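An overview of the molecular structure
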Amino acid sequence: MNKKKNKILSDREVEEIVNNLSDLSDLDSDDDVYYQTAPVTSPADYCNLPEDIIIERRLEELFGVREISEENIDIVDRELYSVSCLKDILEENCPDSSVGDTAGQLSGDQLTKATDEHMQEERGQDLTEREIEIQQCFEEIYEDNHPIQADDTNAGPLNINYYETENQTLQCQRIVNVSRTRQPREWKIEKEIHSVPEFINPIRPQSTYNHKTQPIYVFEKFFPEYLVQVIVEQSNIYAAQKKSNNFTPISAEELKAYFGILIMMGLNPLPDMDLFKKITENLHINNNENEPDRSSPDYDKLFKLRPMITELNKVYQEETANSSHQSIDECMVKFKGRSSLKQYMPKKPIKRGFKVWARCDAKTGYLYTFQVYTGKGDNMEDEGLGYNVVMKLATDLPENTLLAFDNFFTGCNLMEDLYKKKIFAVGTVRANRKDLPNIMKKSQPKHLRLQKNQFAAVTAKPITAIKWLDTRDVNVLTTAHHPTDTVLVKRTQKDGTKKEILCPKAIACYTLTMGGVDRFDHFRSSYPINRKCRKFWMRLFFFMFDASIINSYITYSTTHVVNTHSHREFRLRLARGLAPY
């Protein structure tokens, strides 16, 4: 059986490929399936879109396209009711708003009859006036309300008032629930909660750059010379320890040229060269002779990568100031070899690989800090893995920052502990989490079920729990939004039309803030650097090297026009700067 031999390129052929590299086509990622739901536009273009379009796209990614049902059509066709009209109806039909009285619910005929005289003047109102009326509704509802306290955990709704407008449905629902936990929470209706700061700080480099700054200069900030020297030294030591054949000690310039070739191979695949293969074979970051024994309490599963992980986490946070909007999520690094760190998730597009927890800027995808998951030993407290990951990644997070994460992490204890550190948070939550109010339970009595576009909100300070019915139930916990804050968002219907519906502001903010890690993954999949290797830690090395390039490009884009300085162009110029010969 004939074996295929690797083609060895001559120096002239390599020089010719480098000179014509700008004409080569893009290379798709090996993990394209994982990113098939990513935005069609590049992350840089995605950041420049208006917020309403970003919210619409993210809602479609998270919850899908809205279905048109008879209930929706009925709501859309209803007329607009004024505040004064609703007030008259309520006074006429509900003279006594006692706690247990449910006789105040009105039929559609009563509403239609009472509002005929108000129709003509209401039709001419614009969007701003409607929003003012909605706010006035809330003010009048809460004017005579008092805090609700009850000992009966099975208590039903105390009072339900509906306010319906064109394309909008509001439900204000009082529900009482006492959690049977070590620290009981009393969920009740509140108009406002604690003061919430404005989250306005953008991503800002700490170093000074201008429009003439070269990519190689920015990259050296995120992959410092000290780290290059460590890799050179440890690679030469490792080659001597294993007595590698035909290997000559490498220098810093040769290692940088090796990095440049890695970047070029991400732009276009190239056959391996002898020197390239030898460096890959002997690449090392830490001295094996200093590795603790497996039985030692100081044993580290990531010993081979620990100097690089520590240094890059430090550099990423020092080189760029923290923005006000950040998100935490997981990244997957594909690996099918043998390793105790490898995770198997059959329901994920990438089923086998390493799990990396990441905290990124919500708008640009800049990676501030990361943590490689090494197994159950990461749990330092009894609160669970999600709690521990967020608290560890948020250790150096400044005050008055808005942090978003998904339902894997979100819990009441996590939200409270972050708020104590003056870190505000918003996240979707699973209905079976502890200490949640009754409104978030999946099995609800018929009279408590929400209709399309309706939402219910209750508060146990400092946490607000919101349930909104879109294409399905959306449960959110937040410490950064008031219970009554709402915005209008566009949702694409199944027939392709777009409708404006009322959405809780916490959910709209979540869709804007949660995409940071996804944007980082989008950058990472555009021009992948991964090389096949049996050593498990090499895949993580390539991940960190790629992260330095991506952070360099995001920083570079703050002083350069994105349309003329694309991600591909940046990598090409960086590769030529690292391998000038």
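The written sequence of each chain sets the order in which its residues are numbered from 1. The model is predicted, so local features are restricted to residues of pLDDT at least 70 and side-chain atom pairs to those at 80 or more, both for listing and for counting; the totals for chains, interfaces and linings are taken over all residues. Side-chain measures here rest on the full set of heavy atoms in the structure, leaving out hydrogens and waters.

Some thoughts on the overall build of the protein
Runs of H or I in DSSP of at least four residues are treated as helices and runs of E of at least two as strands, each being numbered from the N terminus. A count of helices and strands for the protein gives 19 helices and 17 strands. Here the protein holds 581 residues, and the buried ones make up 52% of them. We call two residues in contact when some of their heavy atoms are within 4.5 Å. Within the protein, contacts between residues at least 6 apart in sequence are counted, and of these 70% link residues at least 24 apart. Note on areas: Shrake-Rupley, 1.4 Å probe, and residue coverage restricted to the protein chains presented here. If you sum the accessible surface of the protein, you get close to 29300 Å²; carbon and sulfur atoms cover 47% of it. Three labels apply to residues, based on accessible area from a 1.4 Å probe with only protein chains included: buried if under 20% of the type maximum, exposed if over 50%, partly exposed otherwise in between.

Looking at the environment of valine 476
Counting through the fold element by element, valine 476 comes out in strand 15 (residues 473-478). When near neighbours in sequence (up to four residues on either side) are disregarded, valine 476 contacts Val426, Gly427, Thr428, Val429, Met440, Thr464, Ala465, Ile466, Ala506 and Ile507.

A word on the packing of helix 10 (residues 225-242) against helix 11 (residues 252-267)
Comment: axis = line fitted to C-alpha atoms, over the contacting stretch for helices; angle = value between 0 and 180 degrees taken between N-to-C directions. Between helix 10 and helix 11, whose axes approach to 10 Å, the crossing angle comes to 100°. Judged by the inter-axis angle, helix 10 sits roughly perpendicular to helix 11. Here helix 10 contributes Glu225, Val228, Gln229, Ile231 and Val232 to the contact with helix 11, which in turn contributes Ala252, Leu255, Lys256 and Phe259. A per-class count over the contact of helix 10 with helix 11 returns 6 nonpolar, 1 polar and 2 charged. Throughout this description, any angle smaller than 35 degrees is read as roughly parallel, any larger than 145 degrees as roughly antiparallel, any in the 65 to 115 degree range as roughly perpendicular, and the remainder as oblique. Residue classes follow a fixed rule: Ala, Val, Leu, Ile, Met, Phe, Trp, Tyr, Cys and Pro count as nonpolar, while Asp, Glu, Lys and Arg count as charged, and any other residue, Gly among them, counts as polar.

Points about the packing of aromatic side chains
When the centres of two rings from Phe, Tyr and Trp lie within 6.5 Å, Trp using its six-membered ring, the rings pair. Their planes under 30 degrees apart give stacked, over 60 give edge-to-face, and anything left gives tilted. A full pass over the atoms with the stated rule returns 28 aromatic pairs. When the ring of phenylalanine 223 is compared with that of phenylalanine 545, the centres are 5.6 Å apart and the planes differ by 90°; the resulting orientation is edge-to-face. Of this pair, phenylalanine 223 sits in the loop between helix 9 (215-222) and helix 10 while phenylalanine 545 sits in helix 18 (residues 536-557); the two residues are 322 residues apart in sequence, bridging distant segments of the chain. Taken together, a centroid distance of 6.4 Å and an interplanar angle of 65° make the contact between phenylalanine 405 and phenylalanine 409 edge-to-face. A residue is classified by how much of its surface remains accessible, and phenylalanine 409, at 4% relative accessible area, is buried. Chaining the aromatic ring pairs together yields one cluster made of Phe219, Phe223, Tyr258, Phe259, Phe541, Phe542 and Phe545.

Details of unusual backbone geometry
In this model, lysine 461 is joined to proline 462 through a cis peptide bond whose omega is 10°. Take proline 462: it is sitting in the loop between strand 13 (455-460) and strand 14 (463-469). Phi at asparagine 400 is positive, roughly 60°, even though this residue is not glycine. As for its placement among the helices and strands, asparagine 400 is situated in the loop between helix 14 (385-393) and strand 11 (401-405). Under the relative-accessibility criterion, asparagine 400 is labelled partly exposed at 37%. Positive phi values are uncommon outside glycine, yet aspartate 435 reaches one of about 70°. Among the residues examined, aspartate 435 registers a relative accessible area of 13% and is labelled buried.

What to know about the packing of helix 18 against helix 19 (residues 567-578)
Two numbers describe how helix 18 lies on helix 19: the axes approach to 11 Å, and their chain directions differ by 115°. With respect to each other, helix 18 and helix 19 are oriented roughly perpendicular. Helix 19 is crossed by helix 18, and the crossing has right-handed handedness. For the pair helix 18 and helix 19, the contacting residues are Asp546, Ile549, Ile550, Ser552, Tyr553 and Tyr556 in the first and His567, Phe570, Arg571, Arg573 and Leu574 in the second. A crossing counts as left-handed when the near helix is turned anticlockwise from the far one by less than a right angle, and as right-handed when that turn is clockwise.

Regarding the confidence of the model for the protein
What pLDDT expresses is the predictor's confidence in each residue, scored from 0 to 100. Residues with a pLDDT of 70 or more make up 68% of the protein, whose mean pLDDT is 75. Ranking the elements of the protein by mean pLDDT puts strand 3 (residues 177-178) last with 32 and strand 10 (residues 367-372) first with 96. In this model residues 1-7 is a low-confidence stretch, pLDDT under 50, and it forms 3 contacts with partners more than four residues away in sequence or in other chains. Every residue in residues 68-87 scores below 50 in pLDDT, and together they form 48 contacts with partners more than four places removed in sequence or on other chains.

Remarks on the nonpolar core
Counting 68 residues, the largest nonpolar core has Phe223, Leu255, Tyr258, Phe259, Phe370 and Phe541 as the members making the most contacts within it. In terms of residues, this core owes the most to one element, helix 18, which gives 15 residues. When residues no more than four places from it in sequence are discounted, the contact partners of phenylalanine 259 are Phe223, Ile231, Phe541, Phe545 and Leu578. We define the nonpolar core as a collection of buried residues of types Ala, Val, Leu, Ile, Met, Phe, Trp, Tyr and Cys that are connected through side-chain atoms lying within 4.5 Å of one another. If you look at the next biggest cluster of nonpolar residues, it comprises 34 residues, including Tyr373, Leu385, Leu414 and Val429.

Regarding helix 14
Here helix 14 lies mainly inside the structure; 8 of its 9 residues are buried. Restricting attention to buried positions, one finds in helix 14 the residues Leu385, Gly386, Tyr387, Asn388, Val389, Val390, Met391 and Leu393.

Brief notes about the side chain of glutamine 326
Counting through the fold element by element, glutamine 326 comes out in strand 7 (residues 325-334). Classification of glutamine 326 as buried rests on a relative accessible area of 0%. Between N or O atoms, a polar contact is any pair within 3.5 Å; within protein, one atom must be a potential hydrogen donor and the other a potential acceptor, and residues adjacent in sequence are included only when both atoms are from side chains. Polar side-chain contacts of glutamine 326 include one of 3.2 Å to the backbone oxygen of serine 323. Aside from chain neighbours lying at most four places away, what touches glutamine 326 is Arg359, Cys360, Asp361, Ala362, Tyr368, Leu397, Thr401, Leu402, Leu403, Ala404 and Thr513.

Considering the pairing of strand 12 (residues 423-428)
Counting buried positions over the 6 residues of strand 12 gives 6, a clear majority of the element. A two-sided burial pattern is seen for strand 12, the buried positions comprising Ile423, Ala425 and Gly427 on one face and Phe424, Val426 and Thr428 on the other. Bridging between strand 11 and strand 12 involves 5 bridges; their strand directions are parallel. By the bridge assignment for strand 12, phenylalanine 405 is matched with glycine 427. When DSSP finds two or more bridges between two strands, those strands count as paired.

Structural notes on the environment of glutamate 330
Checked against the element boundaries, glutamate 330 lands in strand 7. Distance in space between the C-alpha atoms of glutamate 330 and arginine 359 is 8.7 Å, their sequence separation being 29 residues.

Notes on the pattern of salt bridges
Oppositely charged side chains can form a pair if their charged atoms are brought close together. By convention in these notes, a salt bridge is any Lys or Arg side-chain nitrogen within 4 Å of a carboxyl oxygen on Asp or Glu. Per the stated rule, a full pass over the model turns up 12 salt bridges. Here aspartate 473 and lysine 467 are joined by a salt bridge, their closest N and O atoms 3.6 Å apart. The exposure class assigned to aspartate 473 is partly exposed, which follows from its relative accessible area of 35%. Several salt bridges converge on common partners, so that one network encompasses Arg185, Glu416 and Asp435.

As for helix 18
Residues spaced three or four apart along an α-helix point in a common direction, a consequence of the helix completing one turn every 3.6 residues. One less than the residue count of a helix, multiplied by 1.5 Å, gives the span that helix is expected to have. Taking 1.5 Å per residue, 22 residues should reach 32 Å; helix 18 reaches 33 Å between its end C-alpha atoms and fits that length. With 22 of 22 residues buried, helix 18 is to be regarded as a mostly interior element.

Regarding the environment of threonine 492
Looking at the element boundaries, threonine 492 is found in strand 16 (residues 486-492). Exposure remark for threonine 492: the relative accessible area of 13% places this residue in the buried category. For the pair threonine 492 and arginine 57, spaced 435 residues apart in sequence, the C-alpha separation works out to 9.2 Å.

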